[in-house]
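Each chain, written out:
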Amino acid sequence: MGTPDEAEELVQEGEEALEEGEYEEALILFERALTKDPEHWGASLDQCEALHLLWRTDEALTAIQALQPPADEEDDADRADLEARILEAAGEFTAADVLFEEASRLDPENFPRPVRATQDDFRAILDDVLRSLPKKIREVVARVPVTVEPKPTPEMADQAPHISPEILGLFVGTSIGDKVGAPSGFPDVVLLFQRNLERSGKSRAEVAKEIRITLLHEYGHYLGFEEEDMEGLGLA
């Protein structure tokens with residue numbers, strides 16, 4: 001056991017690691033915080049978040065459900081939203097939407113309802129965005145198509161270990177620069193993840209804006225831009 005201050009310091013370090021994408025390190029820090037203060041709510045939630053981002057979905061779901069309040073007490077919006085996101089990663093979309101709705105009821109400002117759309121409606125939003133892209137990018141789209149998937153999957157993560165269940169898009173293939181020396185032989189494609197994008201804005205217009213940014217980011221990967229280059233262009 002330690003002091004609350006020691007636990008809080010470890011949680012802050014862990015949250016910084018989460019922001020940097022260092023999920024394993026973050027998980028270790030949150031676990032250490034909980035040995036100092038087993039009742040630390042933030043550390044408990046953050047531990048679940050780290051497990052989720054590491055694709056340890058079953059463990060994350062067990063842990064977050066253990067934090068549910070008694071039946072006669074109101075849930076916590078952060079907890080409900082996190083359980084919803086873990087359920088999404090598990091493919092339990094209907095159960096996830098119930099909890100997204102609950103999180104929004106509890107704290108509508110910080111947890112707005114997802115902008116859900118049918119497949120056809122989402123494709124219509126995407127087509128509008130594609131028409132608005134710069135001509136050079138539209139020419140690239142003709143060579144590298146866009147495919148919409150509900151969510152990233154563990155199988156995708158096996159091939160691209162850097163991704164998390166929360167990513168909005170993913171370029172799969174070989175960038176132009178790498179093709180010159182070592183073409184992969186596989187078709188290039190940009191994947192968009194509909195359910196994550198539906199949670200990226202409070203309105204259809206905001207979701208469309210995030211789709212545009214995501215497309216430019218992923219096509220930037222195809223064109224060989226590094227993350228630092230895209231940060232400078234506001235696409236990270």
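Q: Give me the pairing of strand β3 (residues 189-193): which residues, what numbers.
A: Most of β3 sits inside the fold, with five of its five residues counted as buried. By the alternation rule, side chains of β3 split into Val189, Leu191 and Phe193 and Val190 and Leu192, which are all buried. As paired strands, strand β1 (residues 146-149) and β3 are joined by four bridges and run parallel to one another. Residue pairing across strands places Thr147 opposite Leu191, the latter belonging to β3. With four bridges joining them, strand β2 (residues 169-172) and β3 adopt antiparallel strand pairing. Residue pairing in the sheet places Val172 in a bridge with Val189 of β3.

Q: I'd love a proper account of the packing of helix α4 (residues 57-65) against helix α5 (residues 77-89), names of residues and values included.
A: Between two packed helices, both the angle of their axes relative to each other and the distance between the axes serve to describe the pair. Running from N to C, α4 and α5 cross one another at 155°; their axes reach a closest spacing of 10 Å. When the interaxial angle is binned, α4 and α5 end up roughly antiparallel. Handedness of the crossing formed by α4 with α5: left-handed. Between α4 and α5, the contacting residues are Thr57, Ala60, Leu61, Ile64 and Gln65 on the first element and Arg79, Leu82, Glu83, Ile86, Leu87 and Ala89 on the second. Across the contact of α4 with α5, the residue classes tally to seven nonpolar, two polar and two charged.

About the cut-offs
- Residues numbered from 1 in each chain as written.
- Predicted model: local features only at pLDDT ≥ 70, side-chain atom pairs only at ≥ 80, totals over all residues.
- Heavy atoms only, no water.
- Buried < 20%, exposed > 50% of the residue type's maximum accessible area, 1.4 Å probe, protein only.
- Helix = DSSP H or I, 4+ residues; strand = E, 2+ residues; numbered from the N terminus.
- Pairing = 2+ DSSP bridges.
- Axes fitted to C-alpha atoms, helices over the stretch in contact; angles between N-to-C directions.
- Parallel < 35°, antiparallel > 145°, perpendicular 65-115°, else oblique.
- Left-handed = near helix turned anticlockwise from the far one by under 90°.
- Contact = heavy atoms within 4.5 Å.
- Nonpolar A, V, L, I, M, F, W, Y, C, P; charged D, E, K, R; others polar.

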